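Next come the chains, spelled out residue by residue.
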Amino acid sequence: AEQVVVVNAPPAGVPCKTCLVDGDDQTCVTAGEPVFDLLRISCDNWADSDGGLEYRFGYQVEGDDKDVVFDWNESPSLDMRLPTGTINLAAQVRDALGALSAIMYSTVEVGAGGSGRRRLLASPNDIEGARASYSDFSAGGRRLLMQSSFNWPGAADLLDLELLAGNFDELNNMASALILEVDSQYAGMNLTAAESLAHKDVFFTKLESAAVTVNNAASMSEGYMCTLLNLASTISSNPAHLSTALVARLLDHVTVLVSDEHSSVASITTSCASSALSFMANSLAATKHGNVSDADLSSVVSKFEQGLVAVLRETAAGLIEGAASVASSNSSSTAIARNTYAGRAWAAASLATQDHLFEAAVSYSMPATFLNDAVLGDVKPVDVFLGAFFSVPSFGGVAPIGPLVTLLVSQNGFNVPVTGLSDSINISIPFTAAHRAVGGKGKCVYVNGSAFSDVGVTTLANGNAGVICQTTHLTSFTVEPNDEETTTTTPAETTTSTTAAAPEEVTTTTASLSDSDTTADGTATSTTAEAVVTTTTTAAEEETVTTTPAADGANASTTADPTSTAVEETNTTTTAANGTITSTTAAPTNSTTMEETTTTPHATTAHPATTAAAGKPTTTAVAADFTTYVEMVVSLPLSKAEFTSAKQANFLAGVAAAAGVSANSVEITAIRKVTSRRLASRRLLATSVEVDFRVAAADTAAAQSLASKLDATSLNTALAKQGLPAATVLKSAAVKSSVVLPTTTPAPSVTPLPPPTDFTTYVEMVVSLPLSRAEFTSAKQ
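J.: Is there a simple way to explain the overall build of the protein chain in this structure?
T.: Looking only at helices and strands, the protein chain features 14 helices and 31 strands. Intrachain contacts of the protein chain at a sequence separation of at least 6 include 73% that bridge at least 24 residues. Carbon and sulfur atoms provide 53% of the accessible area of the protein chain, an area that totals close to 35,900 Å².

See the structure below:
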């Protein structure tokens with residue numbers, strides 16, 4: 001048999017060229033004035049047998065590392081307004097099958113006199129003053145440069161014309177040139193930082209207005225989105241030109257763009273994501289220049305993290321399983337990876353930061369219990385964002401000595417909330433070169449409101465290169481100076497275990513993002529200090545923890561007096577449908593036990609920062625007895641992100657009011673986001689959450705009385721008083737009773753587990769069995 005392989009050849013044609021648009025078609029002038037002159041880059045006489053030719057153009061100012069790239073277009077030419085300087089332009093052509101020509105380059109001089117770059121004189125002090133000075137500017141005619149300064153108000157007028165005409169591509173083109181022109185004149189000391197900020201604020205307002213129009217019309221294209229993200233990165237490239245208000249607006253703008261509420265864009269490319277992440281890093285850098293007040297830092301970091309969640313979701317959607325998008329700049333190093341669930345490459349990864357004055361890499365490793373604690377599905381890919389940002393804000397005058405490290409996990413397009421894990425995640429963060437040189441120590445902290453906090457995080461030394469942060473929740477972590485020994489730091493939260501197995505050893509030696517699995521490279525012997533930290537505490541040392549909704553909606557955990565008498569419990573062993581064994585071991589009378597409120601996968605969980613210090617007695621409400629209760633399911637017209645902890649607290653208060661009970665008698669057991677995207681088109685179908693909750697009752701009669709009160713009318717009346725929208729009842733109130741299971745006597749076919757032994761010293765091993773989780777029942781275990 002004979003096989004014929006046809007290779008698609010790229011398009012062919014004469015080199016593209018750039019000329020001034022001046023009405024003279026016979027002579028190509030490769031120079032012009034900034035912004036107001038049009039220069040045309042054209043690729044004439046190109047052809048390809050496959051047809052469907054498209055063209056892409058871009059440029060870079062010589063001496064500047066910022067690239068301006070425009071979207072693919074069917075037009076073989078593009079008229080551009082360019083900033084001052086030597087401009088290197090690029091063009092590329094592709095055919096209908098995606099074959100690409102070589103990139104073609106050309107150079108033009110913009111605003112250059114005999115000695116090269118033109119020296120521009122200082123501008124007026126403010127934009128309004130400039131408009132008054134140039135009131136004779138004619139919209140019909142064209143004045144290239146005013147005698148004393150660049151015509152900023154005239155440029156703003158041109159932007160307005162493009163905006164009103166709906167010429168959004170031309171608007172972006174001109175805005176790119178103007179933003180770079182501001183940077184050029186600021187570098188040449190022709191503009192002050194305040195003047196530069198004022199100009200960029202005006203330009204961004206035009207871009208923002210256009211983006212809102214495009215987004216509302218559900219006509220966003222990937223190219224348009226990427227151009228705007230590139231512009232946001234360019235606007236924010238100089239932190240001195242950013243204010244608190246502009247940073248906040250830019251963060252909102254980028255998050256809205258990437259989130260793409262109308263699902264007009266299926267995913268964003270690696271280069272597009274790189275622009276978004278570059279801007280995110282720039283927004284943090286602005287906080288280092290005193291342009292963002294301490295009071296606003298909390299809001300900036302919150303918006304920053306929301307933007308990262310959106311970038312992870314939309315970038316990962318365009319990756320094949322096993323692929324990663326890695327980006328590095330002077331201000332950040334990031335990686336977005338889409339991993340198969342079964343491959344487990346998502347469980348550990350590292351990120352090189354050695355090129356940024358750090359001796360060690362940023363890395364993380366997850367415990368085996370993460371699978372169940374984080375409620376990962378066993379079919380969909382697991383997407384992970386790992387980022388190190390090098391300009392970290394200072395809270396309370398404390399300057400961090402390491403990068404800000406953010407670790408996020410998502411699956412099926414949704415962020416996976418990670419909090420209250422039974423075993424810790426290890427995150428390695430390096431010291432800066434300056435701190436390492438003086439042999440300083442550090443302490444792991446995370447951003448909590450308007451301050452750093454170390455509550456719920458354990459710090460372990462990682463040689464003199466940095467620290468290992470052990471955490472049971474995920475957010476953005478960094479390192480602050482600390483003179484204390486880090487290897488003996490005690491976790492603020494103690495997690496107890498009564499299973500026969502030893503506590504999970506968390507690895508600090510990690511695989512790279514491109515690895516497909518974590519086997520031998522995924523384990524490492526922990527240090528003595530780690531063994532001390534992860535040692536299981538006995539029942540006699542445990543403390544009672546009660547979780548109650550705080551006024552602000554967060555679940556505040558308070559620690560009871562260690563000397564209080566615990567309620568005696570029976571030792572119960574149950575096996576879930578998936579074969580997971582759940583054990584509750586009896587605590588001796590007059591000893592204390594850990595009674596940590598644990599909700600179902602999406603229920604509200606206490607943030608580590610809200611846990612009271614151990615050993616400090618605090619009076620709390622008594623936990624409700626849910627032996628008999630009323631169960632109900634409703635739907636709220638809110639997105640999962642909008643159903644914040646504060647709104648959840650309001651919801652609990654509303655249900656309690658409708659039922660006529662105290663707030664601690666109500667518990668949310670699950671929060672589910674309604675299927676929101678059709679897999680093929682990713683169009684939004686709904687923006688609502690389903691909420692499962694229950695209300696405790698003294699007995700069956702009381703439960704029946706509660707059920708009669710919880711109708712749709714009374715419930716929605718109470719929710720409205722809490723500022724919440726009306727709920728739709730999906731499952732009417734029903735009386736339920738908890739089933740009291742037999743005590744530890746196992747089924748006849750199950751061999752009882754031997755009593756726990758001392759795991760101070762032990763042998764560890766990992767094997768794989770050809771069984772599904774459902775098949776690996778308690779009997780087989």
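We are not done yet, so read on.
J.: When you look at the environment of Val 467 in this model, what are you seeing that I'm missing?
T.: Relative to the assigned elements, Val 467 resides in strand E22 (residues 466–471). Residue classification places Val 467 among the buried positions, given a relative accessible area of 1%. The spatial distance from the C-alpha of Val 467 to the C-alpha of Cys 444 is 7.3 Å, given a sequence separation of 23 residues.

J.: Just to check I follow, could you spell out the packing of helix H2 (residues 152–165) against helix H3 (residues 168–187) for this structure?
T.: A packed helix pair is summarised by two numbers, namely the angle formed by the two axes and the spacing between the axes. The geometry of H2 relative to H3 is characterised by a closest axis approach of 8 Å and an angle of 160° between their N-to-C directions. As the angle between them shows, H2 and H3 are arranged roughly antiparallel. The way H2 lies across H3 gives a crossing that is left-handed. For the pair H2 and H3, contact is made by Trp 152, Ala 155, Leu 158, Leu 159, Glu 162 and Leu 163 and by Phe 168, Glu 170, Leu 171, Met 174, Ala 175, Leu 178, Glu 181, Val 182 and Gln 185, respectively.

J.: Which parts of the structure should I look at to understand the sheet that holds strand E28 (residues 628–636)?
T.: Hydrogen bonding along the main chain pairs the strands of a sheet, whether they run parallel or antiparallel. Read across the open sheet, the four strands follow the order E29-E30-E28-E31; overall the sheet is antiparallel. The open sheet has two free edges, formed respectively by strand E29 (666–673) and strand E31 (728–737), since each of these has just one partner strand. Averaged over neighbouring strand pairs, the angle between their axes works out to 15° when direction is ignored. Sheet topology note: the E28/E31 ladder contains seven bridges and is antiparallel. Paired with Thr 628 across the bridge in E31 is Ser 737. Strands in contact with helix H12 (residues 645–659) are E28, E29 and strand E30 (689–697); relative to E29, the strand with the most contacts, it is inclined by about 130°.

J.: Sorry if this is basic, but what is going on with H12 here?
T.: Every α-helical turn comprises 3.6 residues, leaving residues that sit three or four positions apart pointing alike. For H12, spanning 15 residues, the distance from its first C-alpha to its last is 21 Å, which sits close to the expected 21 Å at 1.5 Å a residue. Of all the positions in H12, only Gln 648, Ala 649, Phe 651, Leu 652, Gly 654, Val 655, Ala 656, Ala 658 and Ala 659 are classed as buried. Looking at the residues trailing H12, positive phi occurs at Gly 660, about 75°.

J.: Explanation requested: the pattern of salt bridges in the structure shown.
T.: When the charged atoms of two side chains lie near each other, side chains of opposite charge can form a pair. The full count for this structure, using the stated rule, is 15 salt bridges. Put simply, Glu 314 and Arg 313 hold a salt bridge, and the shortest N to O gap is 3.0 Å. The class for Arg 313 is buried, based on a relative accessible area of 18%. Between Arg 672 and Asp 692 there is a salt bridge, and its shortest N-O distance comes to 2.8 Å. Here Arg 672 is found in strand E29, whereas its partner Asp 692 is found in strand E30, with 20 residues between them in sequence. Given a relative accessible area of 31%, Arg 672 falls into the partly exposed group. Take Asp 692: its relative accessible area is 15%, and that puts it in the buried class. Several salt bridges share partner residues, and in doing so they unite Asp 201, Glu 208 and Arg 249 into one network.

J.: Would you explain unusual backbone geometry in this entry?
T.: With glycine set apart, most residues show a phi of negative sign, and most peptide bonds adopt trans. Despite not being glycine, Val 35 shows a phi value in the positive range, around 70°. Counting through the fold element by element, Val 35 comes out in the loop between strand E2 (31–32) and strand E3 (39–42). The residue Asn 412 is not glycine, and still its phi comes out positive at about 60°. Inspection of the secondary structure puts Asn 412 in the loop between strand E16 (404–411) and strand E17 (414–415).

J.: Teacher, can you tell me more about the sheet that holds strand E4 (residues 54–61) here?
T.: If you trace the five strands from one edge of the open sheet to the other, you get E2-E8-E7-E4-E5, paired in mixed fashion. Two strands close off the open sheet at either side, each with one partner strand: E2 and strand E5 (67–69). Alignment of E4 against strand E7 (residues 85–94), held across eight bridges, turns out to be antiparallel. If you follow Gln 60 over to E7, its bridge partner there is Asn 88. Sheet contacts for H3: E4 and E5; angle to E4, the most-contacted strand, approximately 10°.

J.: What is the right way to look at the pairing of strand E12 (residues 332–339) in this model?
T.: For a regular strand, side chains alternate in direction, first toward one face of the sheet and then toward the other. The buried count for E12 comes to eight of eight residues, which makes it a mostly enclosed element. In this structure, strand E11 (residues 324–328) lies alongside E12, joined through five bridges in antiparallel fashion. Within E12, the residue paired with Ser 328 across the bridge is Ser 333. Between the antiparallel neighbours E11 and E12 lie three residues.

J.: Which parts of the structure should I look at to understand the packing of H12 against helix H14 (residues 712–721)?
T.: At their nearest, the axes of H12 and H14 sit 8 Å apart, and the two run at 135° to each other. On the basis of the axis angle, H12 is oblique to H14. Read as a crossing pair, H12 and H14 show a hand that is right-handed. Here H12 contributes Phe 651, Gly 654, Val 655, Ala 657 and Ala 658 to the contact with H14, which in turn contributes Ser 714, Leu 715, Ala 718 and Leu 719.

J.: What should I look at first to understand the confidence of the model for the protein chain in this one?
T.: Low pLDDT means the predicted atomic positions in that stretch should not be read closely. When pLDDT is averaged along the protein chain, the result is 73; 71% of the residues meet or exceed 70. The low-confidence segment residues 739–754 (pLDDT under 50) makes eleven contacts with residues lying over four places distant or belonging to another chain.

J.: How do you make sense of a nonpolar patch on the surface when you look at a structure like this?
T.: A cluster of nonpolar side chains, Met 765, Val 767, Leu 769, Leu 771 and Phe 776, forms an exposed patch at the surface whose accessible area comes to about 510 Å². By secondary structure assignment, the location of Met 765 is in the segment after E31. Residue classification places Met 765 among the exposed residues on the basis of a relative accessible area of 72%.

J.: Teacher, can you tell me more about the packing of aromatic side chains here?
T.: By convention here, two paired aromatic rings are described through the distance between centres and the angle between planes. Inspection of every chain in the model, using the stated rule, returns eleven aromatic pairs. Arranged with centres 6.2 Å apart and planes meeting at 45°, the rings of Trp 346 and Phe 370 form a pair that is tilted. Within this pair, whereas Trp 346 is found in the loop between E12 and strand E13 (348–351), its partner Phe 370 is found in helix H9 (residues 370–373), the two being separated by 24 residues in sequence. Overall, Phe 370 belongs to the buried group, its relative accessible area being 1%. A ring pair is formed by Phe 626 and Tyr 629, whose centres lie 6.5 Å apart and whose planes are at 65°; its orientation type is edge-to-face. With a relative accessible area of 11%, Tyr 629 lands in the buried category. Members of the aromatic cluster, connected to one another through ring pairs, are Phe 36, Phe 150, Trp 152 and Phe 203. One Lys or Arg, Arg 344, reaches over the ring of Tyr 341 and ends 5.3 Å from the middle of that ring. Geometry around Tyr 629 places Arg 694 over its ring, the cationic atom sitting 5.0 Å from the centre.

J.: Just to check I follow, could you spell out the state of the cysteines for this structure?
T.: Simply put, the disulfide is a covalent bond whose two ends are the sulfur atoms of two cysteines. Here the structure, examined in full by the defined rule, presents four disulfides. Between Cys 444 and Cys 469 runs a disulfide, and the two sulfur atoms are separated by 2.0 Å. Residues Cys 444 and Cys 469 are joined through a disulfide that is left-handed, its torsion about the S-S bond being -90°. Of this pair, Cys 444 sits in strand E19 (residues 442–448) while Cys 469 sits in strand E22, placing them 25 residues apart in sequence. Note on accessibility: Cys 444 and Cys 469 belong to one class, buried.

J.: Got a minute to help me understand the nonpolar core in this structure?
T.: Within soluble globular proteins, side chains that are nonpolar generally end up buried alongside one another. Counting 94 residues, the largest nonpolar core has Tyr 59, Leu 82 and Leu 178 as its most contacted members. Apart from the residues lying within four places of it in its own chain, the contact partners of Leu 178 are Val 35, Phe 150, Trp 152, Ala 155, Leu 159 and Phe 203. In terms of nonpolar packing, the next biggest core, distinct from the first, is built from 38 residues, Ala 349, Phe 358, Ala 388 and Ile 429 among them.

What counts, and at which threshold
- Residues numbered from 1 in each chain as written.
- Predicted model: local features only at pLDDT ≥ 70, side-chain atom pairs only at ≥ 80, totals over all residues.
- Heavy atoms only, no water.
- Helix = DSSP H or I, 4+ residues; strand = E, 2+ residues; numbered from the N terminus.
- Contact = heavy atoms within 4.5 Å.
- Areas by Shrake-Rupley, 256 points an atom, 1.4 Å probe, with all protein chains shown as cover.
- Buried < 20%, exposed > 50% of the residue type's maximum accessible area, 1.4 Å probe, protein only.
- Axes fitted to C-alpha atoms, helices over the stretch in contact; angles between N-to-C directions.
- Parallel < 35°, antiparallel > 145°, perpendicular 65-115°, else oblique.
- Left-handed = near helix turned anticlockwise from the far one by under 90°.
- Pairing = 2+ DSSP bridges.
- Expected span 1.5 Å × (residues − 1).
- Salt bridge = Lys/Arg side-chain N within 4 Å of Asp/Glu carboxyl O.
- pLDDT = per-residue confidence, 0-100.
- Patch = residues over 30% accessible without salt bridge, like charges linked within 9 Å, V, L, I, M, F, W, Y side chains within 5 Å.
- Phe/Tyr/Trp six-rings, centres within 6.5 Å; stacked < 30°, edge-to-face > 60°.
- Lys NZ or Arg CZ within 6 Å of the ring centre and 35° of its normal.
- Disulfide = S-S within 2.5 Å.
- Core = buried A, V, L, I, M, F, W, Y, C linked by side-chain atoms within 4.5 Å.

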